[in-house]
Amino acid sequence: MITLRGLTKRYGETVAVDGLTCDIKAGRVTGFLGPNGAGKSTTMRMILGLDHPTRGRALIAGLPYASLRRPLCAVGAMLDARAVHPARSGRTHLFAQARANGIPVRRVDEVLEVVGLAKAARRPAGTYSLGMSGRLGVAGALLGDPPVLVLDEPVNGLDPDGVRWIRRLVRDQAAEGRTVFLSSHLMSEMQLTADHLVVIGRGRLLSDTSMAEFLAAASPASARAVVPDPGERATLVRRLMAADGVSVGTAESGELTVEGRTAAELGDLAHHCRVRLHQLGDVRVSLEEAYMDLTARSVEYATGGSDSDSTTGTPGATVAQHQGETP
Ligand SMILES: Nc1ncnc2c1ncn2[C@@H]1O[C@H](COP(=O)(O)OP(=O)(O)OP(=O)(O)O)[C@@H](O)[C@H]1O
């Protein structure tokens, strides 16, 4: 587990991270989201002891990074895939890391195999494509078989095959009980990969919630179904429109889109009215839509509101809670 408590980083006048409090738990993939400059990399650097917090703490399994005896065996990280000496081969780069952490050298060839770099392992890392550099970075993160993984934009530069590979890899790692904390700007990919989300804006916590709750909170109940019979369709629309807080859209194909009702509620009503439905389902917003909505409101909050700390430092803060505090 990674524990953040009041984590704060100032660079002169810039508050890069502002009182961040949350737990990144084991056994699930936690996605770390936020606009450019929100403080994600700074947070990750502080977790990994590469930057000192101005205030607060970042702990791995209860310890600050500096206290870890064999860091690579406690936490594997990839922050900057290109941060490798260009003249060194991928294999030599990993050997150096393994030796410094007391990791058996045979592990190097194992991880090179896992990330699909075995054939290119003896080439200078400077000749690697961005995707290959990313794979080498992931190999370094896996080297110590650590219980915690911190990956900054691991999907960057990967081809579609690579994207699927990293998705499967991190999901498998979480399924084995590890803590996986990863950032990405690719919302569609994050939606497929993460179980839980930590969202920050201007260094502050905006949301710490499961993917399912995040999406549900962002979209009002909404359902869709096809009503093949025009007469039955008219009956159902009439019944729906008679209720408060419901709006109905109809298409020539016979499809109804009903805002203000879940699929279960729409199905029950149709059953009650003896109306036949096809393709009944809930309508959910995408992660991208939910995220854009939340971060847009956070910008308003930050520029228009007071500086009082009402949303930050609250583990379990949800989108809905945040909405309530937006002026
Ligand atoms: N070494 C530094 N010196 C001064 N300011 C810094 C430094 N590192 C980061 N910052 C500032 O801190 C803020 C947060 O930056 P950070 O790189 O953590 O954001 P991010 O969420 O990772 O952004 P991105 O998605 O663009 O990678 C930004 O305003 C950035 O300019």
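What counts as what
Residues numbered from 1 in each chain as written. Predicted model: local features only at pLDDT ≥ 70, side-chain atom pairs only at ≥ 80, totals over all residues. Pairing = 2+ DSSP bridges. Helix = DSSP H or I, 4+ residues; strand = E, 2+ residues; numbered from the N terminus. Axes fitted to C-alpha atoms, helices over the stretch in contact; angles between N-to-C directions. Contact = placed C-beta atoms within 7 Å. Near = placed C-beta within 6 Å. Nonpolar A, V, L, I, M, F, W, Y, C, P; charged D, E, K, R; others polar. UniProt positions renumbered as here; feature names shortened; annotations may be inferred. Domains from an automatic or database assignment.

## Concerning the sheet that holds strand 4 (residues 55-60)
Strands sit in the order 2-1-4 across an open sheet of 3 strands; the sheet is antiparallel. Each edge of the sheet is formed by a strand with only one pairing partner; in this case those strands are strand 2 (14-24) and strand 4. Neighbouring strand axes in the sheet, compared pairwise and without regard to direction, differ in orientation by 20° on average. Two strands pair when backbone bridges link them, and strand 1 (residues 2-11) and strand 4 are joined in this way by 5 bridges, in the antiparallel orientation. Its bridge partner being in strand 4, Thr3 is matched across the sheet by Leu59. Of the strands in this sheet, strand 1, strand 2 and strand 4 touch helix 1 (residues 40-47), which is tilted by about 120° from strand 1.

## Things to note about the site of the ligand
Around the ligand, a shell composed of Tyr11, Thr14, Ala16, Gly34, Asn36, Gly37, Ala38, Gly39, Lys40, Ser41 and Thr42 is seen. Looking at the shell around the ligand, the element that brings in the most residues is helix 1, giving 3 residues. Residues of the shell around the ligand, tallied by class, amount to 3 nonpolar, 7 polar and 1 charged.

## Focus: the UniProt feature "domain: ABC transporter" (unreviewed entry) in the protein chain
Per the UniProt record, "domain: ABC transporter" (unreviewed entry) is found at residues 2-227. Its end C-alpha atoms 50 Å apart, residues 2-227 is made of 34% helix and 29% strand.

## Digging into the pairing of strand 11 (residues 247-250)
As paired strands, strand 11 and strand 12 (residues 255-259) are joined by 4 bridges and run antiparallel to one another. Of the residues in strand 12, the one forming a bridge with Val248 is Val258. A loop of 4 residues connects strand 11 with strand 12, the two strands running antiparallel in sequence, and Gly254 in this loop sits at a positive phi of about 95°.

## With respect to the domain arrangement of the protein chain
Per the domain assignment, the segments of the protein chain are domain 1 (2-215) and domain 2 (220-282). The gap between the C-alpha centroids of domain 1 and domain 2 is 45 Å.

## Some remarks on the sheet that holds strand 7 (residues 179-183)
Overall, mixed pairing links the 6 strands, which are arranged 5-6-7-3-8-9 in an open sheet. Taken across any chain shown, the strands that pair with only one partner, and hence form the sheet edges, are strand 5 (75-78) and strand 9 (204-210). Neighbour-to-neighbour, the strand axes of this sheet turn through a mean angle of 15°, independent of strand direction. As judged from the 5 bridges shared by strand 6 (residues 148-152) and strand 7, these two strands associate in the parallel manner. For Asp152, the partnering residue across the bridge sits in strand 7 and is Ser183. The strands that helix 1 touches are strand 3 (28-33), strand 6, strand 7 and strand 8 (196-201); relative to strand 6, the one it contacts most, it runs at about 145°. Packing of helix 8 (residues 211-218) onto the sheet brings it into contact with strand 8 and strand 9, and relative to strand 9 it is tilted by some 105°.

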